[in-house]
Structures are given as structure tokens and as C-alpha cells.
Amino acid sequence: MANPWLIAAGWMSIAAALLHVACILGGPGWYRFFGAGEPIARAAERGSWGPPLITMGIATILGIWAVFAFAGAEMLPRLPLMRTALVAISAVALARGLVIVHPSLLGRPDLSPTFMIWSSLIVLAMGLLFAIGTWRAWSYLSAKGIAA
């Protein structure tokens, strides 16, 4: 049976990935608007490859997360190390989301407090969706033929 928690996590990951791609296409103004920090926006203005490479890397990771979410929700074929990947994705997203408790943990004083709060809440929600979805799918994920 499809897992609505992982389906929501997958769609949220796709939305976040597309937003990152939109920042690349939108340029420095988009980086600024979405809170990437002034150094990133200035590097994008100079035509540096750093901002788009970093941003595309994040978008790619989010896309991979979506594939694992949809596979865990039985919408795509089972993947190798699916259980391990979903636990790791949950842990990474929850850890990043919990930065809201102490924003200095990111070591990025250039990021605005507003960005830190909103991005942390969004990633925390995504982490909760992944974690609850993974827990709810545990018997399916643990079925014979699934590598840890």
C-alpha cells in the first residue's frame, strides 16, 4: 500500500530541487531572495561557477531523495540499500532542520535569521515526513530481498 508520508516527502524533495534549479536560472537576485547569502549572490554576479555547481549539487541530492521516497512508498521499484538510505536521509534532514534550535551550528553568519528559521522549519518538516514514512514502511523495507 502506498505510503502518504513518503509520497509527501518525495514531492517536497522535488519541489525543493526545482526551486534550487530556479535559483540558478534566476541568477543573483534569486539567490538573494531565497537567502543563499550575499557572498553567494556576489559570486553569481561575477559569473563564478561555484554557486550554480553547489546549487545543482543540492538539487541533485534532493532529486535522489525523492526517488528513494517514491521507491519506499512502493511507487517505484525497490532500490539497493533503500532502508539504509531512507534512515540516513531522515537523519540528515532532521539534523539540518534542528539547526533552528541553534542557528550558529551552520557556521554561516551571512545567512539572515529569517532564512534560518524558514529553511530550518521546511527541512524539519521534510525530515519528519521521511522519518515517519520510513517507520511506517519498515516491514516493507525489511522484506526479504531488500538489502539493509
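This write-up is about the structure you can find in this document. (Residues numbered from 1 in each chain as written. Predicted model: local features only at pLDDT ≥ 70, side-chain atom pairs only at ≥ 80, totals over all residues. Heavy atoms only, no water.)

## Brief notes about the overall build of the protein
- Tallying secondary structure elements over the protein gives seven helices and zero strands in all.
- Starting at the N terminus, the α and β elements of the protein follow one another as α-α-α-α-α-α-α.
- If one aligns the C-alpha atoms of the protein with their principal axes, the spans along those axes are about 50 × 30 × 20 Å.
- Buried positions account for 36% of the 148 residues belonging to the protein.
- Taking contacts inside the protein between residues at least 6 apart in sequence as the whole, the part at least 24 apart equals 70%. (Helix = DSSP H or I, 4+ residues; strand = E, 2+ residues; numbered from the N terminus. Buried < 20%, exposed > 50% of the residue type's maximum accessible area, 1.4 Å probe, protein only. Contact = heavy atoms within 4.5 Å.)

## Focus on unusual backbone geometry
- One non-glycine residue, Glu74, adopts positive backbone phi at about 65 degrees.
- Backbone geometry at Leu81 places phi at a positive 55 degrees, although glycine is not the residue there.
- Position of Leu81 relative to the elements: it lies in the loop between helix H4 (50-72) and helix H5 (82-97).
- The class for Leu81 is partly exposed, based on a relative accessible area of 47%.

## Points about the packing of helix H1 (residues 4-26) against helix H6 (residues 113-136)
- Across the interface, H1 lies against H6 with an axial gap of 7 Å and an inter-helix angle of 145 degrees. Once H1 is placed against H6, the crossing between them reads as left-handed. Residue-level inspection shows Trp5, Leu6, Ala8, Ala9, Met12, Ser13 and Ala16 of H1 in contact with H6, the latter providing Ile122, Ala125, Met126, Leu129, Phe130, Ile132, Gly133, Thr134 and Arg136.
- The class makeup of the residues in the contact of H1 with H6 is 12 nonpolar, three polar and one charged. (Axes fitted to C-alpha atoms, helices over the stretch in contact; angles between N-to-C directions. Left-handed = near helix turned anticlockwise from the far one by under 90°. Nonpolar A, V, L, I, M, F, W, Y, C, P; charged D, E, K, R; others polar.)

## What to know about the packing of H1 against H4
- Here H1 crosses H4 at 165 degrees, and the two axes come no closer than 8 Å. One element, H1, and the other, H4, form an angle in the roughly antiparallel class. When you trace H1 past H4, the crossing you get is left-handed. Taking contact as the criterion, the partners of Leu6, Ile7, Ala9, Gly10, Trp11, Ser13, Ile14, Ala16, Ala17, His20, Val21 and Ile24 in H1 are, on H4, Pro52, Thr55, Met56, Ile58, Ala59, Leu62, Gly63, Trp65, Ala66, Ala69, Phe70 and Gly72.
- Residues that form the contact of H1 with H4 fall into these classes: 18 nonpolar, six polar and no charged. (Parallel < 35°, antiparallel > 145°, perpendicular 65-115°, else oblique.)

## Details of the nonpolar core
- In terms of nonpolar packing, the biggest core is built from 23 residues, with Trp65, Met82, Leu86 and Phe130 touching the most fellow members.
- Put simply, the parts of the chain that give this core at least two residues each are H1, H4, H5, H6 and helix H7 (138-141).
- With six residues, the top contributor of residues to this core is H4.
- Setting aside its immediate chain neighbours within four residues, Leu86 contacts Leu6, Phe68, Ala69, Gly72, Phe130, Thr134 and Leu141. (Core = buried A, V, L, I, M, F, W, Y, C linked by side-chain atoms within 4.5 Å.)

## Describing the side chain of Ser90
- Mapped onto the elements, Ser90 comes out in helix H5.
- According to the relative accessible area criterion, Ser90 is buried, its value standing at 7%.
- Among the polar contacts listed, one links the side chain of Ser90 to the backbone oxygen of Phe130, at a separation of 3.4 Å. (Polar contact = N/O pair within 3.5 Å; in protein donor to acceptor, adjacent residues only side chain to side chain.)

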